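This is what each chain is made of:
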Amino acid sequence: MPERQLITGNEAAAEGAIAGGCRYFFGYPITPQNKIPEYMSEHLPRIGGVYVQAESEVAAINMLYGAAATGAWAMTTSSSPGISLMQEGLSYMIGAELPCVLVDMVRGGPGLGNIAPAQSDYWLATRGAGHGDGRCLTFAPASVQELYDLTGEAFPIAQKYRNPVMILADAVLASMREPCTLRERLDPPQEKPPWAVGGARKGRQRNIINSLWTAPPVMEEVNLRVAQRYEQARQNELRWTEHGADDPEILVCAYGISARICQTAIEHAAEAGVACRLIRPISLFPFPVQVIADWAQRVNKVLVVELSLGQFIEDVRLAVEGACPVEFLGHTGGVLVTPEEVAARIIEIA
Amino acid sequence: MNTLAIIETSKPVYTRPDSLTDIQMRYCPGCTHGIAHRLVAEVLDELGIKERTVAIATVGCSVYAYEYFDTDAVQASHGRGPAVATGIKRCQPDTIVFTYQGDGDLAAIGLAEVLHAAARAENFTVVFINNAVFGMTQGQMAPTTLMGQKTTTTPLGRSVEQGGYPLNICELLAQIPGVAYLARETMTSPKRVRQAKRSLKKAFQVQMAGLGFSLVELISSCPTWWHMKPLEALQWIEDVMVQQYPLKVFVDKLEAGE
Amino acid sequence: MRQEVFMAGMGGQGVLLAGQLLAQAALEAGLELSWFPLYSPEVRGGRATCTLVIADGEVGSPVVGQPGSVILMDGIAVDNHLHRVRPGGLAVINSSLTGGEVSRNDIDIVVIPATNAAMELGSERATNMVLLGAYVRASGVVEAQAVEEALYRVLPERHYDYIPTNVAALQRGAQLAEGQLV
Ligand SMILES: Cc1ncc(C[n+]2csc(CCOP(=O)(O)OP(=O)(O)O)c2C)c(N)n1
Ligand code: SF4
Ligand SMILES: [Mg+2]
């Protein structure tokens, strides 16, 4: 019988990755996610996997580039300053159409910032991926269980779309403990993808992993192929949850830890007589545009809550398309919002 | 005589160096980061250069060095101190510039920056704190971690298969012509502390003379992540670390009269 | 049922361990929960806090502005957090380190000389257990027995020697709380 265990988000991300088939880890320590590399350094060698402590995040992402080129199911994890350093490598991976998984346990920024919870890497995660037209497929869990599940699921998704997948969490999710039901650890597929380099060639055509396409029409073709995969992801990978009233006055939009906070806040608001519906996008790229657009037609106002000065709100605004006013509540720099504060804001704007 | 009178009439023999602020340092008990700070500050005092010095704090337990040194200061991103120092020194050559870097900062993520600063013979000083772990992030393996040493990412001890070999930074830099002063010291006894200070002073003098890149490696203790008492940690430096990292002056162009 | 408890004290007082024990006990009872340690700037200089939310359905927010109950292990914790308790809530306070006078009359207050009691049991470090025992008794959120059993799940085996003292401390806390419940 699967066991329900009390584990931290960091442990859930690490074990979830292993359960999902990850056998290679490259990383550089940074708080608040150090328990992930520490867990990997202990567990991967035991099951024939490989843990390498890179000399920097720049190195870690390029090790991942190499690992991915061989078709290995590999990952790195970091927190905001480290993810900044990985942008160049991500751009190369997208250009070379390579899959990988990253976890960003977002902390307060910019700069060295602090190690407190934040959601100010939204743009970095969903727009980012360095220069060029590429983006990371981005998913935002809101509980330890979901962090475990999504990190595991990210591996086949990355392979399917030949693109980096980013799990966007934060310092609360990293350090909090919740019950989590662990699955059996899956093995990654034996067979390598046809594009992978290395191993015995056995007469197959040689493979080249590359992001250099000097002829603009050829580069455009690559970009269009990548964009087409994003379009497929939009068809297949949209995820969100909904909570609250069926006939709401206010639509609350939040992702990750903020959405958890809002879940309690809309209960407080309901007690005060304001009916709300909460939409929590899980997939941030692709973004669940339609469900937000539909609800925006039926409410008086939208409230966006996030731990930044307003990044996620841009995607919500694009989805709402002016159907109703979009209000904002957020803190930044590692400061949390509380359910009481959100409830007060809901009542204020109702 | 009452205590106050005694204090008033006595001659102080030990005071805080002028180049340190009176902010309380946040290092763990028994950590030698504090001694290293004091030595640098004493040298700045003795050479009379405090007013024209810029300290570069990097990322590690010493990240708050900008609060402790009573000089102008710049906080650099992880590993990039020598690049930041280069920028400052090239724009204001009269400024005395030093970086204060741990082994993670200098020997892992920042190895390229320090090597190239040395190769360009940049005229600033590096204070390199080698404590064989990443202290700030809770004791992971550093490039300088010894073979067999247990850390939070080498739970079974550092092995060649997983973590490779320790990196001897001074031996590496000694081959670079741009290096004008290079020494490895430690702070395990009063004698060693005095010697470490002599080397630090030399390094700054070399910078003042415009001779090029200077670096002093200080083998330092991290009782917290070595899981040792402070004195045990000092003993471990003497018994074990110094075997891997011999104490020595590698390059001294001031002495050589260049 | 949704019960929030916020715990605060100085580092080394075992705030996080107390929270984890209660969390483990709730887990074994088949409840949902979320345990979240926070190192906020005012926490720097060796402060520790954690928030535990226990529910029989979805937990919702792991972050709580005005907790329904608190365990405050020293004077700084009282100064910083007593005012946050929701009216009608519960505060368990360590009078050994706070003086014991309390400025609120709109909440239930259980004041326990926890450090003294722990010292009488031979281990000042069991202060957290005395307070936890009192809290469990006063709140009834889980069975006292479940917390004692959780010690075996949460503590590493090399620390099992401390369990008898911890159990005694939990029970002493419950006893001390008993006298104050109306
Ligand atoms: C880009 C980036 N990656 C990782 C970190 C996390 N980090 C902070 S300090 C540190 C290592 C510190 O070790 P060291 O330089 O040896 O200094 P010590 O604490 O041992 O004195 C790391 C990896 C960071 N701040 N920025
Ligand atoms: S963790 Fe280690 S290096 Fe950092 S202050 Fe403590 S003893 Fe010093
Ligand atoms: Mg170090």
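The structure reproduced in this document is the subject of the present report.

About the criteria used
Residues numbered from 1 in each chain as written. Chains lettered and ligands numbered in written order. Predicted model: local features only at pLDDT ≥ 70, side-chain atom pairs only at ≥ 80, totals over all residues. Heavy atoms only, no water. Near = heavy atom within 4 Å. Polar contact = N/O pair within 3.5 Å; in protein donor to acceptor, adjacent residues only side chain to side chain. Areas by Shrake-Rupley, 256 points an atom, 1.4 Å probe, with all protein chains shown as cover. Helix = DSSP H or I, 4+ residues; strand = E, 2+ residues; numbered from the N terminus. Nonpolar A, V, L, I, M, F, W, Y, C, P; charged D, E, K, R; others polar. Contact = heavy atoms within 4.5 Å. Donors = N, O, S within 2.8 Å, 3.2 Å for Na, K, Ca; no water. Buried < 20%, exposed > 50% of the residue type's maximum accessible area, 1.4 Å probe, protein only. Expected span 1.5 Å × (residues − 1). Bend = angle between axes of the 7 residues up to and from the residue.

A short note on the site of ligand 1
Consideration 1: Around ligand 1, the structure places 21 residues, and the nearest of them are A:Glu57, B:Asp103, B:Gly104, B:Asp105 and B:Gly135.
Consideration 2: At ligand 1, the nearby residues belong to more than one chain, namely chains A and B.
Consideration 3: One nitrogen or oxygen atom from the main chain of B:Asp105 is found 2.8 Å from an oxygen atom belonging to ligand 1.
Consideration 4: In the model, an oxygen atom of ligand 1 is placed 2.9 Å from a nitrogen or oxygen of the B:Met136 main chain.
Consideration 5: Considered on its own, ligand 1 offers 590 Å² of accessible surface; in the complex 97% of this is hidden by protein.
Consideration 6: Counting only elements with at least two residues in the shell around ligand 1, the list comes to α5 (103-109) and β5 (133-134) of chain B.
Consideration 7: A total of three residues in the shell around ligand 1 trace back to one element, the largest contributor, which is α5(B).
Consideration 8: Here the residues of the shell around ligand 1 are counted per class, giving 10 nonpolar, eight polar and three charged.

Considering the environment of A:Trp213
Consideration 1: With respect to the helices, strands and loops of the structure, A:Trp213 is situated in the loop between β8 (177-181) and α9 (216-236).
Consideration 2: In this structure, A:Trp213 is in contact with A:Gly95, A:Val218, A:Met219 and A:Val222, ignoring residues within four places of it in sequence.

Regarding the coordination of the magnesium ion (ligand 3)
Consideration 1: Donor atoms from the polypeptide that bind the magnesium ion (ligand 3) are B:Asp103 (OD), B:Asn131 (OD1) and B:Val133 (O), placed at 2.1 to 2.2 Å.
Consideration 2: Residue classification places B:Val133 among the buried residues on the basis of a relative accessible area of 1%.

Here we look at helix α11 (residues 230-244) of chain B
Residues and elements named next belong to chain B.
Consideration 1: When the terminal C-alpha atoms of α11 are compared, their 20 Å separation across 15 residues agrees well with the 21 Å that a helix rising 1.5 Å per residue should span.
Consideration 2: Along its length, α11 reaches its greatest deviation from straightness, about 40°, at Ile237.
Consideration 3: Inspection of α11 places Ala233, Leu234, Trp236, Ile237, Met241 and Val242 among the buried residues, and these make up the whole buried set.
Consideration 4: Those residues of α11 that are buried are in contact with β4 (125-130), β7 (179-186), β8 (213-219) and α10 (223-226).

Points about the environment of A:Thr138
Residue and element names in this part refer to chain A.
Consideration 1: Residue placement: Thr138 occurs in strand β6 (residues 137-139).
Consideration 2: The sequence separation of Thr138 and Val165 amounts to 27 residues, and the corresponding C-alpha distance is 5.8 Å.
Consideration 3: Beyond its immediate sequence surroundings of up to four residues, Thr138 is in contact with Ala125, Thr126, Met166, Leu168, Ile282, Ser283, Leu284 and Phe285.
Consideration 4: For Thr138, the side chain forms a polar contact with the main-chain oxygen of Cys136, separated by 3.0 Å.

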